[in-house]
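# Coordinates in review
So the chains spell out like this:
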Amino acid sequence: AVVSTQSTGYSVIGGDTKLYDEDGHIRIGRQYPWGFAEVHDEGHCDYVTLHDIILKSCIEDLIEYTDSTLYENYRTDHLRSLDLNSSIDLSLSIMASPVSEKE
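Given the structure is predicted, the values throughout are model-derived calculations rather than measurements.

## Considerations on the pairing of strand β1 (residues 17-20)
Bridge count between β1 and strand β2 (residues 26-32): four bridges; the pairing is antiparallel. Its bridge partner lying in β2, Leu19 is registered against Arg27.

Below, the structure is given as structure tokens:
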């Protein structure tokens, strides 16, 4: 498939129906009164083109954004939600517990 970012718009079909063709392959698409529109058929919708544009040409940006922004925001919120005083007390009590010595 040729990826063109110069297109003016894209048409995407959300598939909620699975059909099996003569070879037993699953076809995902949407059933209309006039026929079946298949999600992965480039003649029916632009899903494959959009998939290629987003995942093949923007994957590095997506990985970096996920790591630097989404994960760090989650990590910061999670650490703020922890009761750090009880965690510190727990770790200090474990460290301060006496170790039995053999005589």
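Anyway, onward from the coordinates.
## Points about helix α1 (residues 47-57)
For α1, the full list of buried residues reads Val48, Thr49, Asp52 and Ile53. Buried residues of α1, seen end-on, are gathered within an arc of 135° and therefore sit on one face of the element.

## Re the sheet that holds β2
Overall, antiparallel pairing links the three strands, which are arranged β1-β2-β3 in an open sheet. Edge strands, defined here as strands with exactly one partner in the open sheet, are β1 and β3 (35-38). Each adjacent strand pair in this sheet contributes to an overall mean axis angle of 55°, direction not counted. Looking at chain direction, β2 and β3 are connected through four bridges and run antiparallel. Paired with Tyr32 across the bridge in β3 is Gly35.

## Quick look at a nonpolar patch on the surface
Taken together, Ile54, Leu55, Ile59, Leu62 and Ile63 make up a surface patch of nonpolar side chains, about 390 Å² in accessible area. Secondary structure elements with two or more residues in the nonpolar patch: α1 and α2 (59-81). Tallying contributions element by element places α2 first for the nonpolar patch, with three residues. Positionally, Ile63 belongs in helix α2.

## Comments concerning a negative patch on the surface
A cluster of acidic residues, Glu60, Asp61, Glu64 and Asp67, forms a negative patch on the protein surface. Relative to the assigned elements, Glu64 resides in helix α2. Classification of Glu64 by relative accessible area gives exposed; the value is 55%.

## Examining the pairing of β2
Connecting β1 to the next strand, β2, in antiparallel fashion are five residues, including Gly24 with a positive phi near 90°. Two successive antiparallel strands, β2 and β3, enclose a turn made up of two residues.

## Here's the deal with the confidence of the model for the protein
Predicted confidence across the protein gives a mean pLDDT of 76, with 72% of residues reaching 70 or more. The element-level mean pLDDT for the protein is lowest in helix α3 (residues 84-96), coming to 49, with α2 highest at 88.

Here is what the cut-offs are and how they apply
Residues numbered from 1 in each chain as written. Predicted model: local features only at pLDDT ≥ 70, side-chain atom pairs only at ≥ 80, totals over all residues. Heavy atoms only, no water. Pairing = 2+ DSSP bridges. Helix = DSSP H or I, 4+ residues; strand = E, 2+ residues; numbered from the N terminus. Buried < 20%, exposed > 50% of the residue type's maximum accessible area, 1.4 Å probe, protein only. Arc of directions from axis to C-beta. Axes fitted to C-alpha atoms, helices over the stretch in contact; angles between N-to-C directions. Patch = residues over 30% accessible without salt bridge, like charges linked within 9 Å, V, L, I, M, F, W, Y side chains within 5 Å. Areas by Shrake-Rupley, 256 points an atom, 1.4 Å probe, with all protein chains shown as cover. Salt bridge = Lys/Arg side-chain N within 4 Å of Asp/Glu carboxyl O. Lys, Arg positive; Asp, Glu negative; His and termini not counted. Charge placed at Lys NZ, Arg CZ, Asp CG, Glu CD. pLDDT = per-residue confidence, 0-100.

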